[in-house]
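Descriptive analysis of the structure
This is what each chain is made of:
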Amino acid sequence: MRLHVPGHIPGVPRATARQLLRKRGLWTFPALVLVVLSAVLSLSYLGGIINPAGNLHRLPLAVVDQDRAVHADGGQVHLGPRIAEGITSAPDPRGRVAWRTTSLRQAVAAMDDDKVYGALVIPARFSADTLALASSAPSHTAAPRQPTLRLLTNPRSGSVATSLAQAIGDRAAQAVSQQVAAELKQQVHTGTGSAARKILLAHPVTLVTTEHRPLGNHSGFGLTSFYLTLLLVLTAYVGAGLVSSTVDTALGYQSAERGRRWSSRLPLPITRTQTLLTKTAVSAGLATVTASTILLTCTLVLHMDVSHPAQLWAYAVCASIAVAVSTQALIALFGGLGSLVGMIFFVALAVPSSGGSFPLEAVPGPFRWLAEFEPMRQINDGIRALLYFDARADAGLDRGWSMIAVGGLLGLALGFAVARRRDRRGHQRLTPQQLAALHRAAAALTSPATAAGTTAEAPATEGTATEGTVPDVVPATVPPVRPAAVPVTGAGVYGRVQDPHGRPVPGTALTLVSVSGHQVGLATTRAGGTYALGAPGPGRYTLIATADGHRPHASTVTLDDLPVFFDVVLPLSGTGRHAGAPAVPVGVTRV
């Protein structure tokens, strides 16, 4: 059912932009949320990457000593151990680099498991080449072989990690070159000879960089894993929010507006547990669809390099389901703010702590701490292992699977624990009395008498309601008759007076009294039990209702610049207050 809502409806107060813009709450809450969100996004996105060299902490690099000793003049020259010791024991007060001395096989295995970002190799001929450089005669026309260090980088760890390893390797090679030059200066007379020889003796050691297991052309320089992870998390998070909104619209707890069309359904009675179960099931199903769509697009359309497609699909689907389930848990816990909390947790704080674009060793300490449990880091580790490291368990795949399982189960447990607790305590969105009143009002609006126009003030509607059915839209005007006087603007209170069974009580006398005890308004309900009272201004007032055959009733109402809707339930004579009275609306306190 759809309603045409004119600019002014008899019996319904009207709001204007001027009134709304003067309300402080309309500005303060969004402003506070946006300020906090802007600060968090700035600190996370820029704070995590603005100074990688300054934030560097224990970047894992290996030193491999393959140098062989050389015998000359009755002695032995073996520079490799001294150079390796000098690199690993160099002063590093801030602990920027975590050097480890390993064999070449161990270094390669560590790079294959994403445990080392590079390896500085001292070749077997290093001492021999250095000795040859020292023994070359000054008049020698051919340049001797220059001592060389070899740097193996690990492009599968990411372009930033490779760049950092390259920079650190360059500095280490320069330090080694200065050390060798100082020793050569003591053994070789450098005052004579060609300029080229002098330059060679001043900078004897060179560095050659090679990539260990280069990536393919469709790997985005090692960033496809990060962007694939980001896509999976974003679509799962956004999809969960969309599912939550769609389910709430179907249940009648949220309206839908598409272009010029606005529609809403009558709210249906349902527990929070059943609602969460529905949202979780739909989100899990759609997460499977979105993850599959992403992988098909990336592989078939973009031709992304994928070596284990079946395992990648299973991992991506499970990761998306875990994120979607956890998002629904946050929405169940925080309500409307759940989506905002989810964006901060799953995206804002997750990107710099994921280790995808920047290695965790190059981000500030708080992000390294967040990386221990942030979902994006765990998902990214597993995807990177599947894309770049031959699906090795030690490269992050085992941890990824474990954390996905833990995160998904914790999300389910948290969400359903909150929902069941609120169900047990009766914290429903609408009370049974409120739901019954809405359905009775809708039934009265769509009754044959109303449709025939016996109630002149009720707006015309499209469609009819039959017995056992309810219309799809909550009527814009609940009372089928016009109140005696409805405040169009300004402070006031309006509503309906009814007995404990939901029947209107016409002829009820209502008095509005200020906190100082002065009477500021009088009204009498009409045939439909409706009433409306204006007030001098915002503040707290006492609303007193009396009627024949009923006990008097007093309520405290807090009014602001716009009229407040408030239904009054009058107990019958000789009975106590009706236990099932409708819940008090926002801004109203029962006496």
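Everything that follows concerns the structure shown earlier in this document.
This text gives an overview of the structure that appears in the document. The structure displayed is predicted, hence computed values, not measured ones.

Regarding helix 12 (residues 338-348)
For helix 12, the set of buried residues is G338, G342, F346, V347 and A348. For helix 12, the elements touching its buried residues are helix 2 (25-46), helix 9 (224-251), helix 11 (309-334) and helix 14 (375-388).

What about the nonpolar core?
The tendency in soluble globular proteins is for nonpolar side chains to be buried side by side. By size, the foremost hydrophobic cluster in this structure holds 40 residues, and its most contacted members are L228, I379 and I383. If you list the elements that add at least two residues to this core, you get helix 9, helix 10 (272-301), helix 11, helix 12, helix 14 and helix 15 (397-424). Among the elements that make up this core, the one with the highest residue count is helix 11 (9 residues). For I383, the contacting residues outside a window of four places in its chain are S225, L228, T229, L232, L312 and Y315.

So, the sheet that holds strand 6 (residues 148-153)
Within a sheet, each strand pairs with its neighbour through backbone hydrogen bonds, oriented either parallel or antiparallel. Spatially, the 5 strands line up as an open sheet ordered 4-1-5-6-7, and their pairing is mixed. Lying at the two open borders of the sheet, with one neighbouring strand each, are strand 4 (97-102) and strand 7 (206-211). This sheet shows a mean twist of 25° between the axes of neighbouring strands, independent of strand direction. The sheet contact formed by strand 6 and strand 7 spans 6 bridges and is parallel. Bridged to R150 within strand 7 is V208. With respect to the sheet, helix 5 (residues 104-112) is in contact with strand 1 (59-65), strand 4, strand 5 (118-122) and strand 6, its orientation differing from that of strand 5 by roughly 165°.

What about the packing of helix 2 against helix 12?
It is the contact of helix 2 with helix 12, at a shortest axis distance of 11 Å, that shows an interaxial angle of 5°. One way to sum up the angle between helix 2 and helix 12 is to call them roughly parallel. For the pair helix 2 and helix 12, the contacting residues are V33, L37, V40, L41, S44 and Y45 in the first and L340, M343, I344, V347 and A348 in the second. In terms of residue class, the contact of helix 2 with helix 12 is made up of 10 nonpolar, 1 polar and no charged.

Remarks on the packing of helix 9 against helix 14
Interaxial distance between helix 9 and helix 14 falls to 9 Å at its minimum, and their mutual angle equals 135°. Between helix 9 and helix 14, the crossing angle belongs to the class labelled oblique. As helix 9 runs across helix 14, the sense of the crossing is right-handed. The segment helix 9 lies against helix 14, with T224, S225, F226, L228, T229, L230, L232 and V233 engaging M376, I379, N380, I383, R384, L387 and Y388. In the contact of helix 9 with helix 14, the residues fall into 10 nonpolar, 4 polar and 1 charged.

A look at the packing of aromatic side chains
Taken as a whole and judged by the stated rule, the model has 5 aromatic pairs. Where F226 meets Y227, the ring centres are 5.1 Å apart and the plane angle is 70°; that geometry is what we call edge-to-face. Taking relative accessible area as the criterion, Y227 reaches 49% and is therefore assigned partly exposed. With centroids separated by 5.1 Å and ring planes inclined at 75°, the aromatic side chains of F345 and F346 adopt a geometry described as edge-to-face. Taking relative accessible area as the criterion, F346 reaches 2% and is therefore assigned buried. Positioned above the aromatic ring of Y253 is the side chain of R429, whose terminal nitrogen or guanidinium carbon lies 5.0 Å from the ring centre.

So, how was this worked out
- Residues numbered from 1 in each chain as written.
- Predicted model: local features only at pLDDT ≥ 70, side-chain atom pairs only at ≥ 80, totals over all residues.
- Heavy atoms only, no water.
- Buried < 20%, exposed > 50% of the residue type's maximum accessible area, 1.4 Å probe, protein only.
- Helix = DSSP H or I, 4+ residues; strand = E, 2+ residues; numbered from the N terminus.
- Contact = heavy atoms within 4.5 Å.
- Core = buried A, V, L, I, M, F, W, Y, C linked by side-chain atoms within 4.5 Å.
- Pairing = 2+ DSSP bridges.
- Axes fitted to C-alpha atoms, helices over the stretch in contact; angles between N-to-C directions.
- Parallel < 35°, antiparallel > 145°, perpendicular 65-115°, else oblique.
- Nonpolar A, V, L, I, M, F, W, Y, C, P; charged D, E, K, R; others polar.
- Left-handed = near helix turned anticlockwise from the far one by under 90°.
- Phe/Tyr/Trp six-rings, centres within 6.5 Å; stacked < 30°, edge-to-face > 60°.
- Lys NZ or Arg CZ within 6 Å of the ring centre and 35° of its normal.

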